[in-house]
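Structure at a glance
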Amino acid sequence: MIAGDLLLARFARLAADNAADEVQAALLVNRLLSPSLDETVVRRALHALIPASGESPWSLLARLGWKVGDRAILDLDNSRLDYLLANGRGIPITLALVLVDVARRAGVQAWGLNAPGHFLARVDRAVIDPAVMQPLPLVVDYGRATTVDIGMRMLNNVKHGALSQAAPHMALAALDCQLAMAETLGEGGLCATLHMEAAECWASLQAKEEAKEAFERCLSFAEPGSRLAQVATLRLKAVANRQGPTLH
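Residues numbered from 1 in each chain as written. Predicted model: local features only at pLDDT ≥ 70, side-chain atom pairs only at ≥ 80, totals over all residues. Heavy atoms only, no water.

**Observations concerning the overall build of the chain**
- Along its length, the chain carries eleven helices and six strands.
- The C-alpha atoms of the chain give a radius of gyration of 20 Å, which matches the 18 Å a tight globule of 248 residues would have.
- Buried positions account for 47% of the 248 residues belonging to the chain.
- The contacts in the chain between residues at least 6 apart in sequence include a share of 57% that link residues at least 24 apart.
- Where the 24 positive side-chain charges of the chain centre and where its 26 negative ones centre are 3 Å apart. (Helix = DSSP H or I, 4+ residues; strand = E, 2+ residues; numbered from the N terminus. Rg over C-alpha atoms; globule rule 2.2 N^0.38 Å. Buried < 20%, exposed > 50% of the residue type's maximum accessible area, 1.4 Å probe, protein only. Contact = heavy atoms within 4.5 Å. Lys, Arg positive; Asp, Glu negative; His and termini not counted. Charge placed at Lys NZ, Arg CZ, Asp CG, Glu CD.)

See the structure below:
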């Protein structure tokens with residue numbers, strides 16, 4: 001494992017806690033990216049965001065100039081809640097989570113929406129695009145995003161950004177956190193897929209033993225005879241037969 005045991009334990013508890021809110025998930029992802037994070041400072045900054053009389057929560061954030069940061073998910077800073085609060089730059093999911101938090105503290109019902117493409121928010125009866133902080137003319141409800149959905153989705157962004165920056169160890173750390181939640185929830189199929197991803201990361205690092213272990217873990221969760229099991233078996237054999245680098 002790459003991620004620390006304490007952080008993994010917190011992700012596991014998050015998955016088991018039906019009362020955990022979305023900000024808790026975002027803070028755990030933030031801590032993965034910034035281990036020295038002071039969560040109290042972040043909470044204090046969130047609570048300082050108060051709409052003016054008659055102002056909607058999204059109008060407040062639009063007035064403050066908040067928007068999607070340069071390079072979006074490719075820049076891991078944009079997945080950090082502390083960075084967003086300090087700089088007004090994030091990605092749609094972090095912007096949406098702050099919007100939801102501001103709305104709830106103003107006494108308005110709000111939650112995230114698992115929309116295809118980028119993340120959206122529901123604030124009262126309006127569907128808000130957090131990338132532009134404007135209501136959308138939508139009547140389709142994409143379904144409320146759970147706290148686990150949000151944690152998983154944010155960690156997917158971290159994996160994508162890390163791999164785009166040739167930082168596979170950060171991608172592996174994000175996978176550890178996803179596995180902590182998936183195993184707590186007993187999601188065997190998801191565990192198999194995540195172990196497969198981890199195995200490929202280890203293989204790209206030429207870490208033969210770690211890759212073999214991850215492929216074996218994938219097979220322990222995969223449905224026997226499934227396409228995933230077949231691919232994992234072939235990849236395991238290939239890795240096992242691979243010769244290590246010649247040392248000079």
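Resuming the write-up.
**Looking at the packing of helix α8 (residues 168–185) against helix α9 (residues 188–204)**
- Where α8 meets α9, the axes come as close as 10 Å, and the angle between the chain directions of the two elements is 165°. Considering their axes alone, α8 and α9 lie roughly antiparallel with respect to each other. Seen along the crossing, α8 lies across α9 with a hand that is left-handed. Contacts between α8 and α9 involve A171, L172, L175, Q178, L179, A182 and E183 on the former and, on the latter, L190, C191, L194, H195, E197, A198, C201 and W202. (Axes fitted to C-alpha atoms, helices over the stretch in contact; angles between N-to-C directions. Parallel < 35°, antiparallel > 145°, perpendicular 65-115°, else oblique. Left-handed = near helix turned anticlockwise from the far one by under 90°.)

**What about unusual backbone geometry?**
- Despite not being glycine, M133 shows a phi value in the positive range, around 50°.
- Looking at the element boundaries, M133 is found in the loop between β5 (126–129) and β6 (134–136).
- For M133, a relative accessible area of 1% gives the class buried.
- Although it is not a glycine, A166 adopts a positive phi angle of roughly 55°.
- Considering the arrangement of structural elements, one finds A166 in the loop between α7 (147–164) and α8.

**Things to note about the pattern of salt bridges**
- Taken as a whole, this structure holds twelve salt bridges when the rule is applied.
- In this structure, the salt-bridge partner of R43 is D21, at a minimum N-O distance of 3.9 Å. Remark: D21 occurs in the loop between α1 (5–16) and α2 (22–33) and R43 occurs in helix α3 (residues 39–47); sequence separation between them is 22 residues.
- Overall, the relative accessible area of 24% leaves D21 in the partly exposed class.
- Here R104 and E22 are joined by a salt bridge, their closest N and O atoms 2.8 Å apart. Of this pair, R104 sits in helix α6 (residues 92–105) while E22 sits in helix α2; the two residues are 82 residues apart in sequence, bridging distant segments of the chain.
- Classification of R104 as partly exposed rests on a relative accessible area of 32%.
- Sharing partners across several salt bridges, the network here consists of R10, R31 and E39. (Salt bridge = Lys/Arg side-chain N within 4 Å of Asp/Glu carboxyl O.)

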